[in-house]
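Notes for the structure review
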Amino acid sequence: MKTPPEQPPGMERRSFLKVAGSLALLVTACRPNPARSAQQLPNRVAPENPNSPLPARDTPTPFPPDQPPDTFQVFTPHEAATVEAATARILPGDPSDPGAREAGVVYYIDHMLSYHEGFNEPTYRKPPFAQTYQGTRPADRPGVVWIPADQVYRYGYQNILTPREVYRIGLAGLDRLANARFGKDFVDLAGGQQDTLVGLMADGQAGNFDRNLTAQSFFHNLRRHTAEGMFSDPIYGGNRNLVGYKLVGHPGAQRAYTPAQFQTEGEGLRRKPQSFEALHTFNPGQRANDEVVLPVTGEDMQHKH
């Protein structure tokens, strides 16, 4: 992500979606996002001490009905404000053209980190860990498994740190970087200054935040989770008001489509988007929305929900 010196190296929305290619999303360029003070972020946290270990849970689930979705289970208020500010530089927006801030991406990330220390399934995290190389294979080294850079995708999570620890260390490191460069915490910087730091992390020019965490690696975590929070179903905390779906013309969760919609290019994408919570009960032969009658394929189908 290189830009001329006179331009802030922040990511445009088009660039963000290009690097989040696994989502197969197309989008138009956006305007820069105006700075927003940390005090505007809701300052509520869940009853648990956010700095203490939380019980491991099997997989992320929708927000509990007795817990408002704008509370934090893991982040302190300052950490939450920092995450919100950083993700808003990665995918900027404003009320009329929503981005990560308006979609509530910070709540998605906090909610994700509250389960299994940020893992969505049991994960093996003992050494030796894979390290990548290009060209000639380096000499063997205790505790290291050398993997060609283009093959690392075949391997699982390769870090002694949990995702929750990555955020704790990464956010503290981002503040140290901000103070070293500009004399203030990240959330207190102007938008252009924040863009500069995000660009340094993305380009691998911000060094290490910890001996087990580079600034660039932390940026990759932020970018990935920004994409997830923007475009996952709202029941997981992000994509508020379906702004991610609306941004890319995605219909969200749908029970069924008519044969004609499969045969007409783009027809399904013009359907009004909805979340999992808006799905009708699966009753074959009854309307699932304004357009579709759920199919009936026999007696067996009538008993499935």
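Now for a look at the structure at hand. The structure presented is a predicted model; accordingly, all values stated were derived computationally and were not measured. (Residues numbered from 1 in each chain as written. Predicted model: local features only at pLDDT ≥ 70, side-chain atom pairs only at ≥ 80, totals over all residues. Heavy atoms only, no water.)

Side note on the overall build of the protein chain
When helices and strands are counted, the protein chain shows 10 helices and 4 strands. For the protein chain, the residues scored as buried account for 44% of the 305 residues in total. Restricting to contacts in the protein chain with at least 6 residues of sequence separation, those with at least 24 account for 61%. (Helix = DSSP H or I, 4+ residues; strand = E, 2+ residues; numbered from the N terminus. Buried < 20%, exposed > 50% of the residue type's maximum accessible area, 1.4 Å probe, protein only. Contact = heavy atoms within 4.5 Å.)

So, helix 5 (residues 163-182)
The end-to-end C-alpha distance of helix 5 is 28 Å, a good match for the 28 Å that 20 residues give at a rise of 1.5 Å each. Among the residues of helix 5, those classed as buried are P163, R164, V166, Y167, G170, L171, G173, L174, D175, L177 and A178. Those residues of helix 5 hidden inside the fold are in contact with helix 2 (77-90), helix 4 (105-113), helix 6 (191-202), strand 3 (208-210), strand 4 (213-214) and helix 7 (215-231). Backbone geometry just downstream of helix 5 places G183 in the positive-phi region, at approximately 80 degrees. (Expected span 1.5 Å × (residues − 1).)

Thoughts on the environment of V187
Tracing the chain through its elements places V187 in the loop between helix 5 and helix 6. Taking C-alpha positions, V187 is 9.4 Å from E79, a pair spaced 108 residues apart along the chain.

What to know about the packing of helix 4 against helix 7
Where helix 4 meets helix 7, the closest approach of the two axes is 8 Å, and the angle between their N-to-C directions is 110 degrees. In terms of orientation, helix 4 and helix 7 fall into the roughly perpendicular class. On helix 7, the residues touching V105, Y108, I109 and M112 of helix 4 are H225, T226, E228, G229 and M230. (Axes fitted to C-alpha atoms, helices over the stretch in contact; angles between N-to-C directions. Parallel < 35°, antiparallel > 145°, perpendicular 65-115°, else oblique.)

Description of the packing of aromatic side chains
Applying the stated criterion to the full structure yields 4 aromatic pairs. For the ring pair F72 and Y107, a centre distance of 4.9 Å and an interplane angle of 5 degrees mean the geometry is stacked. One end of the pair, F72, is in the loop between helix 1 (13-19) and helix 2; the other, Y107, is in helix 4, and 35 residues separate them in sequence. Assigned by exposure class, F72 and Y107 land together as buried. Pairwise contacts between aromatic rings join F75, Y167, F209 and F218 into one cluster. (Phe/Tyr/Trp six-rings, centres within 6.5 Å; stacked < 30°, edge-to-face > 60°.)

Some thoughts on unusual backbone geometry
Among all residues save glycine, negative phi is the norm, and among peptide bonds the norm is trans. Not every positive phi belongs to a glycine, and N239 is a case in point at roughly 50 degrees. If you trace the backbone, N239 turns up in the loop between helix 7 and helix 8 (243-248). Phi at N241 takes a positive value of approximately 55 degrees, unusual for a residue other than glycine. For N241, the location among the structural elements is in the loop between helix 7 and helix 8.

Focus on the environment of G238
Residue position: G238 is located in the loop between helix 7 and helix 8. When the C-alpha atoms of G238 and E228 are compared, they prove to be 8.2 Å apart, with 10 residues separating the residues in sequence. Residues contacting G238, with those up to four places away along its chain left out, are A103, G104, Y108 and G229.

Observations concerning the side chain of E79
As for its placement among the helices and strands, E79 is situated in helix 2. With a relative accessible area of 11%, E79 lands in the buried category. For E79, the contacting residues outside a window of four places in its chain are V74, R168 and L171.

Notes on the nonpolar core
Counting 45 residues, the largest nonpolar core has F75, I109, Y167, F186, M201, F209 and F218 as the members making the most contacts within it. If you list the elements that add at least two residues to this core, you get helix 2, helix 3 (100-103), helix 4, helix 5, helix 6, helix 7 and helix 8. It is helix 4 that provides the largest number of residues to this core, a total of 7 residues. (Core = buried A, V, L, I, M, F, W, Y, C linked by side-chain atoms within 4.5 Å.)

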